[in-house]
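The residues making up each chain are set out below.
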Amino acid sequence: MRSQPVAAAEVGEALAAIAVGEPRGLDRDLAGPLVEDMPDLVRRYLAATGRGGPVVTVPLPGRWGRALRDGTLLAGPDARLGRQTFAEWLEAR
């Protein structure tokens, strides 16, 4: 799965700004600054937290699985991008 993780604090900031701001209708996507591979994120998290074990990737079949793999579900090109990367978040943990 390809993912674009965004920091929870940045999501909270964006939601708070929307809540107190003028009505906007449909708003732009919010995504993390980098596209990442989910199994790699899990491996890095496990290594950083001192946990081991294999990370097994299981590709899901069908259109949904294909969309997870090919980036269809990533934020659109006009998305607002967060600032904190997964590596920065992991280092701060």
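Predicted, not measured: the structure shown is a model, and the values here were computed from it.

## Digging into the overall build of the protein chain
- Counting its regular elements, the protein chain contains four helices and four strands.
- What you see in the protein chain, going N to C, is helices and strands ordered as β-α-β-β-α-α-β-α.
- In terms of overall dimensions, the protein chain is more spread out than a globule: its C-alpha atoms have a radius of gyration of 16 Å, far above the 12 Å expected for 93 residues.
- Projected onto its principal axes, the C-alpha coordinates of the protein chain cover approximately 50 × 35 × 15 Å.
- Counting across all 93 residues of the protein chain, residues that qualify as buried make up 23%.
- Considering only residue pairs separated by 6 or more positions, the protein chain has 77% of its internal contacts joining residues 24 or more positions apart.
- Taking the 12 positively charged and 12 negatively charged side chains of the protein chain as two groups, their mean positions are separated by 7 Å.

## Overview of the pattern of salt bridges
- What the rule picks out here adds up to five salt bridges.
- The salt bridge involving R83 is made with E13; its shortest N-O contact spans 3.3 Å. In this pair, R83 is assigned in the loop between strand 4 (80–81) and helix 4 (86–92) and E13 in helix 1 (residues 8–20), connecting sequence segments 70 residues apart.
- R83 gets classed as exposed once you look at its relative accessible area, which sits at 58%.
- Classification of E13 by relative accessible area gives partly exposed; the value is 47%.
- Note that D27 is salt-bridged to R24, the shortest N-O span being 2.9 Å.

## A word on the packing of aromatic side chains
- The final tally for this structure, using the stated rule, is two aromatic pairs.
- Judged by centre distance (6.4 Å) and plane angle (20 degrees), the rings of Y45 and W89 are stacked. Here Y45, found in helix 2 (residues 38–48), pairs with W89, found in helix 4; they are 44 residues apart in sequence, far enough to count as distant.
- When its relative accessible area of 34% is taken as the criterion, W89 is described as partly exposed.
- By way of ring pairs, the aromatic residues Y45, F86 and W89 are connected into one cluster.

## Brief notes about the environment of V35
- As for its placement among the helices and strands, V35 is situated in the loop between strand 2 (30–31) and strand 3 (36–37).
- The class of V35 is partly exposed, set by a relative accessible area of 41%.
- Each residue touching V35, except ones within four places of it in the same chain, is listed here: R2, S3, Q4 and L74.

How each quantity is defined
- Throughout this description, residue numbers start from 1 for each chain and increase along the sequence as written.
- Reporting in this predicted model follows two pLDDT cut-offs: at least 70 for local features of residues, and 80 or more for side-chain atom pairs to be given and counted; totals over whole chains, interfaces and linings ignore these cut-offs and use all residues.
- With hydrogens and water stripped out, all remaining heavy atoms of the structure feed into the side-chain values.
- Each helix is a run of H or I in the DSSP string that is no shorter than four residues. Each strand is a run of E no shorter than two, and both are numbered from the N terminus.
- A radius of gyration in this sense is built from C-alpha atoms; the matching globule rule multiplies 2.2 Å by the number of residues raised to 0.38.
- Type-normalised accessible area, obtained with a 1.4 Å probe on protein chains alone, sets the label of each residue: buried when under 20%, exposed when over 50%, and partly exposed for intermediate values.
- Any two residues whose heavy atoms approach within 4.5 Å at even a single point are treated as in contact.
- Counted as positive: Lys and Arg. Counted as negative: Asp and Glu, with His and the chain ends omitted from the count.
- Here the site of a charge means NZ on Lys, CZ on Arg, CG on Asp, or CD on Glu.
- Should a side-chain nitrogen of Lys or Arg be within 4 Å of a carboxyl oxygen of Asp or Glu, the pair is scored as a salt bridge.
- The rule is short: rings of Phe, Tyr and Trp, with Trp giving its six-membered ring, pair when the centres are within 6.5 Å, and they are stacked under 30 degrees, edge-to-face over 60, tilted in between.

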